[in-house]
Amino acid sequence: MATNLIARSLTANIAEQHVHLNMGFVYLIVNDSANVVTLSFDVASATATELMVLKAGESRTNLDLAVETLYYKADVDTSAIRIEGLAKKNVNY
């Protein structure tokens, strides 16, 4: 049975990284590290006008936003983050 749940455990570094998610709704984003993590949705943080900053241990839940690509980076060191959500619906069914 197929599921539309998307869940990723990621490691943020000082250099920005990105991951393709194709989410239609974000249930949870958690910063599991002791560092600050900066997130940007669909636009690299260098050009984004809106950034999400999660301090150590912070999380956000039930974000009604679609995310094609998540851009993320840590202020220092390496930092563990998690994101969970639902895949975008396929318009063909």
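Above this text sits the structure in question.
Notes on the structure in this doc start here. All values reported here derive from a predicted model rather than from experimental measurement.

Quick look at the side chain of S33
Thinking step 1. Mapped onto the elements of the fold, S33 is located in the loop between β2 (17-31) and β3 (37-41).
Thinking step 2. A polar side-chain atom of S33 sits 3.1 Å from the main-chain amide nitrogen of N35.

Brief notes about the pattern of salt bridges
Thinking step 1. Here the structure, examined in full by the defined rule, presents 2 salt bridges.
Thinking step 2. One salt bridge connects R82 with D32, and the closest N-O pair in it is separated by 2.6 Å. Note that R82 is positioned in strand β7 (residues 79-87) and D32 in the loop between β2 and β3, a separation of 50 residues in sequence.
Thinking step 3. Between K88 and E68 there is a salt bridge, with its nearest N and O atoms 2.9 Å apart. Placement of the pair is K88 in the segment after β7 and E68 in strand β6 (residues 67-74), with a sequence separation of 20 residues.
Thinking step 4. For E68, a relative accessible area of 28% translates into the label partly exposed.

Description of the nonpolar core
Thinking step 1. In terms of nonpolar packing, the biggest core is built from 20 residues, with L21, I29, L39, L70, Y72 and I83 touching the most fellow members.
Thinking step 2. Taken together, the elements giving at least two residues each to this core come down to β1 (5-12), β2, β3, β4 (52-54), β6 and β7.
Thinking step 3. Top contributing element to this core by residue count: β2, with 5 residues.
Thinking step 4. Each residue touching Y72, except ones within four places of it in the same chain, is listed here: L10, T11, A12, A15, E16, Q17, H18, V19, T38, L39 and I81.

A word on the environment of A48
Thinking step 1. Structurally, A48 is set in the loop between β3 and β4.
Thinking step 2. Taking C-alpha positions, A48 is 16 Å from L65, a pair spaced 17 residues apart along the chain.
Thinking step 3. Ignoring any residue separated from it by four or fewer positions in sequence, one finds A48 in contact with S40 and V43.

With respect to the pairing of β7
Thinking step 1. Sheet analysis places β1 next to β7, joined by 8 bridges and oriented antiparallel. Residue pairing in the sheet places R8 in a bridge with I83 of β7.
Thinking step 2. Looking at chain direction, β2 and β7 are connected through 7 bridges and run antiparallel. When the bridges of β7 are listed, V30 appears paired with R82.

Thresholds, definitions, all that
- Residues numbered from 1 in each chain as written.
- Predicted model: local features only at pLDDT ≥ 70, side-chain atom pairs only at ≥ 80, totals over all residues.
- Heavy atoms only, no water.
- Helix = DSSP H or I, 4+ residues; strand = E, 2+ residues; numbered from the N terminus.
- Polar contact = N/O pair within 3.5 Å; in protein donor to acceptor, adjacent residues only side chain to side chain.
- Salt bridge = Lys/Arg side-chain N within 4 Å of Asp/Glu carboxyl O.
- Buried < 20%, exposed > 50% of the residue type's maximum accessible area, 1.4 Å probe, protein only.
- Core = buried A, V, L, I, M, F, W, Y, C linked by side-chain atoms within 4.5 Å.
- Contact = heavy atoms within 4.5 Å.
- Pairing = 2+ DSSP bridges.

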